[in-house]
Amino acid sequence: MKKISVLILFILNKLNVYITTSTNKYIILKNTGWLFADKIIRMGIGLLVGVWVARYLGPTQFGQINYAIAFVGLFGAISGLGLNGIVVRDIVREPKVADEILGTSFLLQLLSSLLTVLLVLASINIINKNDEYTFKIVAITSVVLIFKSTEVVKYWFESQVKSQYTVWIENGVFIFISAIKVLMILSKATLMTFVCINVVESLLVAIGLILIFNAKGGSVYNWRVHIARAKKLLVDSWPLMLASISIMIYMRIDQIMLGQMLGDNAVGLYTAATRLSEIWYFIPITIAASLSPSIIKYRLENVGLYEKRLQSLFNFMMMLSGGLALFISLISPSIIKILYGDSYLAASNVLSIHIWTSIFVFSGVVSSQWFIAENLQKLSFYRTLVGAVSNVVINLLLIPRYGIYGAAWATLFSQALASVLFNGIGSSSRGVFRMQIRALFFVDVYKMLKGAVNR
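Residues numbered from 1 in each chain as written. Predicted model: local features only at pLDDT ≥ 70, side-chain atom pairs only at ≥ 80, totals over all residues. Heavy atoms only, no water.

J.: For this particular structure, what's the right way to read the overall build of the chain?
T.: Summing up its helical and strand segments, the chain has 19 helices and zero strands in all. A total of 455 residues make up the chain; the buried ones form 55% of that total. Long-range contacts, defined here as pairs at least 24 residues apart, represent 83% of the contacts in the chain between residues at least 6 apart. Here the chain displays about 19,900 Å² of accessible surface, and carbon together with sulfur accounts for 67% of that area. (Helix = DSSP H or I, 4+ residues; strand = E, 2+ residues; numbered from the N terminus. Buried < 20%, exposed > 50% of the residue type's maximum accessible area, 1.4 Å probe, protein only. Contact = heavy atoms within 4.5 Å. Areas by Shrake-Rupley, 256 points an atom, 1.4 Å probe, with all protein chains shown as cover.)

J.: Any chance you could explain the pattern of salt bridges here in plain terms?
T.: It is possible for side chains of opposite charge to pair when their charged atoms get near one another. On inspection of all chains with the given rule, the structure shows three salt bridges. Across the salt bridge formed by Glu100 and Arg229, the nearest N and O atoms sit 2.9 Å from each other. Here Arg229 lies in helix α10 (residues 227-261) and Glu100 lies in helix α4 (residues 98-127), a separation of 129 residues in the sequence. For the pair Glu100 and Arg229, a shared accessibility class is recorded, and that class is buried. A salt bridge links Glu170 to Lys154; the nearest nitrogen and oxygen atoms lie 3.0 Å apart. (Salt bridge = Lys/Arg side-chain N within 4 Å of Asp/Glu carboxyl O.)

J.: Help me out: how do you make sense of the packing of helix α15 (residues 357-373) against helix α17 (residues 404-419) in this one?
T.: Geometry of a packed helix pair, given as the angle between the helix axes and the separation of the axes. Closest axis-to-axis distance for the α15/α17 pair is 9 Å, and the angle between their directions is 25 degrees. One finds that α15 runs roughly parallel with respect to α17. Helix-helix and strand crossings are classified by hand; for α15 and α17 the assignment is left-handed. Counting all contacts with α15, which are made through Thr357, Phe360, Val361, Gly364 and Ser367, the residues of α17 involved are Thr411, Leu412, Gln415, Ala416 and Ser419. Across the contact of α15 with α17, the residue classes tally to four nonpolar, six polar and no charged. (Axes fitted to C-alpha atoms, helices over the stretch in contact; angles between N-to-C directions. Parallel < 35°, antiparallel > 145°, perpendicular 65-115°, else oblique. Left-handed = near helix turned anticlockwise from the far one by under 90°. Nonpolar A, V, L, I, M, F, W, Y, C, P; charged D, E, K, R; others polar.)

J.: Looking at this model, I keep getting lost on unusual backbone geometry. Mind explaining?
T.: Negative phi is the rule for most residues except glycine; trans is the rule for most peptide bonds. Of note, the phi angle at Lys188 is positive, near 60 degrees, even though the residue is not glycine. Along the chain, Lys188 falls in the loop between α8 (164-186) and α9 (191-215).

J.: I'm lost on the side chain of Arg229 in this one. Help?
T.: Taking relative accessible area as the criterion, Arg229 reaches 7% and is therefore assigned buried. Those residues within four positions of Arg229 in sequence are excluded, and the remaining contacts are Asp90, Glu94, Val97, Glu100, Ile101 and Thr104.

J.: How do you make sense of helix α5 (residues 132-142) when you look at a structure like this?
T.: In an α-helix, one turn spans 3.6 residues; hence positions three or four apart end up facing the same way. For α5, the set of buried residues is Thr134, Ile137, Val138, Thr141 and Ser142. For α5, the buried positions fall inside an angular range of 130 degrees around the axis, keeping them on one side. (Arc of directions from axis to C-beta.)

J.: In this structure, what is going on with the packing of aromatic side chains? I would like to understand it.
T.: Two numbers describe a pair of aromatic rings. These are the distance of the centres and the angle of the planes. Under the definition given, this model contains nine aromatic pairs. Summarising the aromatic geometry, the rings of Tyr67 and Phe71 are spaced 6.2 Å apart at their centres and angled 25 degrees between planes, so their arrangement reads as stacked. Taken as a pair, Tyr67 and Phe71 lie in helix α2 (residues 22-80) at a separation of four residues, close to a single helical turn. A relative accessible area of 4% places Tyr67 in the buried class. (Phe/Tyr/Trp six-rings, centres within 6.5 Å; stacked < 30°, edge-to-face > 60°.)

J.: Got a minute to help me understand a nonpolar patch on the surface in this structure?
T.: On the surface, a cluster of nonpolar side chains totalling about 330 Å² of accessible area is made up of Leu107, Leu111, Leu114 and Val225. Secondary-structure assignment places Leu111 in helix α4. (Patch = residues over 30% accessible without salt bridge, like charges linked within 9 Å, V, L, I, M, F, W, Y side chains within 5 Å.)

J.: Is there a simple way to think about the environment of Ile285 in this case?
T.: With respect to the helices and strands, Ile285 occurs in helix α12 (residues 282-301). Sequence spacing of Ile285 and Gly364 is 79 residues, and the spatial spacing of their C-alpha atoms is 10.0 Å.

J.: How should I be thinking about the nonpolar core in this particular structure?
T.: Side chains of nonpolar character tend, in soluble globular proteins, to be buried together. In this structure, Phe71, Phe194, Tyr340 and Tyr344 are the most contacted members of the largest nonpolar core, which totals 86 residues. Sorting elements by how many residues they give to this core places α2 first, with 15 residues. Those residues in contact with Phe71, other than ones at most four positions away along the chain, are Val120, Ser123, Ile124, Ile127, Val138 and Ile256. Formed by 34 residues, the second largest nonpolar core is a distinct cluster that contains Leu291, Ile359, Phe362 and Phe433. (Core = buried A, V, L, I, M, F, W, Y, C linked by side-chain atoms within 4.5 Å.)

J.: Explanation requested: the packing of helix α14 (residues 347-354) against α17 in the structure shown.
T.: Contact pair α14 / α17: the axes reach a minimum separation of 9 Å and the direction vectors enclose 10 degrees. Relative to α17, the element α14 is oriented roughly parallel. Taken together, the residues of α17 that come into contact with α14 (itself represented by Asn349, Val350, Ile353 and His354) are Ile404, Tyr405, Ala408, Trp409, Thr411 and Leu412. Across the contact of α14 with α17, the residue classes break down as seven nonpolar, three polar and no charged.

J.: Explanation requested: the side chain of His354 in the structure shown.
T.: Mapped onto the secondary structure, His354 falls in helix α14. The residues touching His354, leaving out its near neighbours within four places in the chain, are Tyr270, Thr274, Ser277, Glu278, Tyr281, Ala408 and Thr411.

J.: Honestly, the environment of Ser352 in this entry has me stumped. Any pointers?
T.: Of note, Ser352 is situated in helix α14. Between the C-alpha atoms of Ser352 and Ser277, which are 75 residues apart in sequence, the distance is 8.8 Å. In this structure, Ser352 is in contact with Ser329 and Ser332, ignoring residues within four places of it in sequence.

J.: In this structure, what is going on with α9? I would like to understand it.
T.: Along its 25 residues, α9 runs 37 Å from first to last C-alpha, staying within 8% of the 36 Å computed at 1.5 Å per residue. Within two residues after α9, Gly217 carries a phi angle of roughly 100 degrees, on the positive side. (Expected span 1.5 Å × (residues − 1).)

Quick look at the structure:
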């Protein structure tokens, strides 16, 4: 973790990305380092074990389990109610009533999760009326939603810039479950066993989060529920919830549509590629999670410097994602063959297309923090709704003709539209659109290089 933190410090200092005073830099750096360590461990072990599971199950069974995960994921945003950023923001603004915020948001998410599970079961029964096996897989997978209500504990640690504690819990459980999966492969376990172990992982994480919260100064017994607070949270969060639903639609609808139109084998191939593309999304999410409290504070203290730092952050994300996309797309056939084997070779072209969505995802994550800081959650919803609708439409047009490659192009186009292009339409979001365009065309990087040459 220390080496990761030093590397982050060097990069961010060079790019002038920090958004806080020097007093808080170390705290943010340490928190970001822990989050990066968490994701890197997950990426390494998860990729190794995940690839092994994919090889063991084969494209068809691998497609079945991922169809269920994608289907439940479409409804996951409903259970979360879009409270993540709002809870962090409110705790930063009103630390004295943190127990009220946590208790109220936990109850809201728990009730929402229970209702969402019923909605998932009703929906899969309608869509796959005669497929009892798929219904069973989806039903078991949906239980994960209930345990996720304990994630309000993570919001509290984020607000305190102390994410290392949740990293301990999640990584510990993840490593343990990964070891169990290896034993399951060696003992030739059934597909249903792999479905169940995912639920066990969520349960253990939920228990661990509560225990670490109580051990580090908090207490769930002090949580309070307040009706007025619930109304305020819902009023502020519903646009983000709808935005999250839209995000999940254009992130996962391709797998659902491939499953319905082409079958489980297509889902397996497509998922193998997108897993390698999406594992990099932890980079902007991790940085944004650590900087979020400071972005909110700086917006109130110094708007000019706040915008300058955001531009630097957009530039950093663009350089990182652009280099990553170029590298992965060039070696995608070799990556797929080495990791998944010959039975997944058709996924290489999907990877070479889908990896370019990272450019717009990285930029979109930073702009989402801007929307929260500017209290423009409704606009955030509208842009993701446009992205979701466009993804469905483009998938309908391209999948019948181009199969899994059409689904990859649909995701790329819809991400570009939702994350960047939509921001240029309305006057209130045109400022962040200009930042994104400057980063996309490397305007500031060009000026920096030109200045260095002319010296």
